[in-house]
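So you can see what is in the structure, the chains are spelled out below.
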Amino acid sequence: MIQEFINKHFYNLYIISLIFAIVTYGLIDFKSIDELCVVALFLLCTFYVFHTKDWNVNKISLYIFSVFLFYLLYSFYIHSNSKKAIIVDFIIQLKPYIAFFCAYHLRPHFSDSQKKLLREISIVCWYLLLPFGLISIFYPDMLYIVANHPSNYAAAITAIALTFLLSSSFSKKDKILFIIMLAVGLFSGRSKFYGFFVFSAFVTFFFSNAQNIKLNFKNVVILLLMLIAIGIVAKSKIEYYFLQNLSPDTDLNEAKNSIARFVLYATSWEIFQDYMPFGSGFATFGTHASAAYYSPLYKEYGIDTVWGLSKSYPYFISDTYYPSLAQFGVVGVILFAVFWLYLCLKAYKNFRQTNNAQFVTIIIIITGYFAIENIADATFTSNRGYFFMLLLGLIFSEMKQFQHSLTSKEKQ
């Protein structure tokens, strides 16, 4: 049966992605692993489409691809960069959407035995990573040795914890274990993760209660208090990236990093205004391709002399995500917001029909992860973006199948 074939191979691909594209990504330093996984996923999805009677394809994915195709042609038309640079950026920007829609369209379903193995793998990986976090308290460079960067360590812990939560029965004990597992990511020392941890703990213990997922005055107040708490723990980063509140005690390397990001944010507003309404095009600003094939916009806006943004040292150009949306202009930002709003509304609608809080809780956590991480990291288009979008597609698939099973039971 074709679905059994899909379930088996998607499950294997998920484990490979978790271990090699997330957990050991910084250690093995094989930067193309997520691209290879995306290709494998796309081929699996293509195989599935051609083995269905009507060759059915998700309509929303066709809309997304049409939008990207328009921006590809638009970029060629305005000569935003070299053709090679444009194509490279096109592929990188499309990667997370391919991961999501392929996973969603394949309708994979993990059996109880497969989920049990996933929980065991998650726990084993967590125990393997835990000592390095503890050691980093006394020897901070440890996380650079085992994960190449603390953010990779935090991402690995997040992926492991969410995989555990997805494969669990979502009992009170499972929720507590999830938070305990996630707490190890605090050893990374990243302010963004502090905010994400507060957000995740709140969502897990408050919104996982089906009675609390509703819009009323009480929940609005609680939500505002949560945002204030996140703002407090991430206060230093907010000042760095948006206010440039530097003091004599500020670490020099951190300050240089922050200045580069601040400049990217500030310049992106100018690009939004100058390239209305479709932006500056692929490979022009705030992306890996715009650094590898150095975009003329950096000199045009006079930021090519900023440390980390110069042609000789462009390593901070793709160090954040939101400024890169200037490539797509106001229209692109609106479409990006509509995409996430569509997912949230779809999750909420499913919750109202099934009353299953597990799926909507994980969806909210992943959405929050992207919202927070993308402030100071190009998470969405990185290996992390690939994996968490893959996980998101899997959750929406499971959510849809759960809804169908309930509908079938009601009819019987």
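Look above for the structure.
Residues numbered from 1 in each chain as written. Predicted model: local features only at pLDDT ≥ 70, side-chain atom pairs only at ≥ 80, totals over all residues. Heavy atoms only, no water.

Observations regarding the packing of helix α4 (residues 59-78) against helix α16 (residues 329-354)
Two elements in contact, α4 and α16, have axes whose closest approach is 12 Å; the angle formed by their N-to-C orientations is 165°. Here α4 is positioned roughly antiparallel relative to α16, judged by the angle of their axes. For the crossing formed where α4 meets α16, the hand is left-handed. Contacts between α4 and α16 involve I60, I64, V67 and Y71 on the former and, on the latter, V331, G332, L335, F339 and Y342. Class assignment for the residues of the contact of α4 with α16 results in 8 nonpolar, 1 polar and no charged. (Axes fitted to C-alpha atoms, helices over the stretch in contact; angles between N-to-C directions. Helix = DSSP H or I, 4+ residues; strand = E, 2+ residues; numbered from the N terminus. Parallel < 35°, antiparallel > 145°, perpendicular 65-115°, else oblique. Left-handed = near helix turned anticlockwise from the far one by under 90°. Contact = heavy atoms within 4.5 Å. Nonpolar A, V, L, I, M, F, W, Y, C, P; charged D, E, K, R; others polar.)

Focus: the pattern of salt bridges
Pairing between side chains of opposite charge can happen when the charged atoms of each approach one another. Scanning all chains against the criterion turns up 6 salt bridges. Put simply, E120 and K116 hold a salt bridge, and the shortest N to O gap is 3.0 Å. Highlighted residues: E120 and K116, both in helix α6 (residues 112-135), separated by 4 residues, approximately one helical turn. By relative accessible area, which is 39% here, E120 ends up partly exposed. (Salt bridge = Lys/Arg side-chain N within 4 Å of Asp/Glu carboxyl O. Buried < 20%, exposed > 50% of the residue type's maximum accessible area, 1.4 Å probe, protein only.)

Comments concerning the packing of α6 against helix α8 (residues 150-166)
One can describe the packing of α6 onto α8 by two numbers: an axis separation of 9 Å at closest approach and a directional angle of 150°. By the angle between their directions, the pair α6 and α8 is classed as roughly antiparallel. The hand of the α6/α8 crossing is left-handed. Contact residues: L118, R119, S122, I123, C125, W126, L129, L130, F132 and G133 in α6; Y153, A156, I157, I160, T163 and F164 in α8. Each residue belonging to the contact of α6 with α8 can be placed in one class, and the counts come to 12 nonpolar, 3 polar and 1 charged.

Section: the packing of aromatic side chains
Tallying each qualifying case throughout the model produces 49 aromatic pairs. Ring geometry for F70 and F278: centres 5.0 Å apart, planes at 65°, overall edge-to-face. Taken together, the residues span a long stretch of sequence, with F70 in helix α4 and F278 in the loop between α13 (252-274) and α14 (288-292) at a distance of 208 residues. Taken together, a centroid distance of 5.8 Å and an interplanar angle of 45° make the contact between Y321 and F336 tilted. Taken together, the positions of Y321 in the loop between α15 (297-300) and α16 and F336 in helix α16 put the pair 15 residues apart, joining distant regions of the chain. The exposure classification of Y321 matches that of F336, with both residues buried. (Phe/Tyr/Trp six-rings, centres within 6.5 Å; stacked < 30°, edge-to-face > 60°.)

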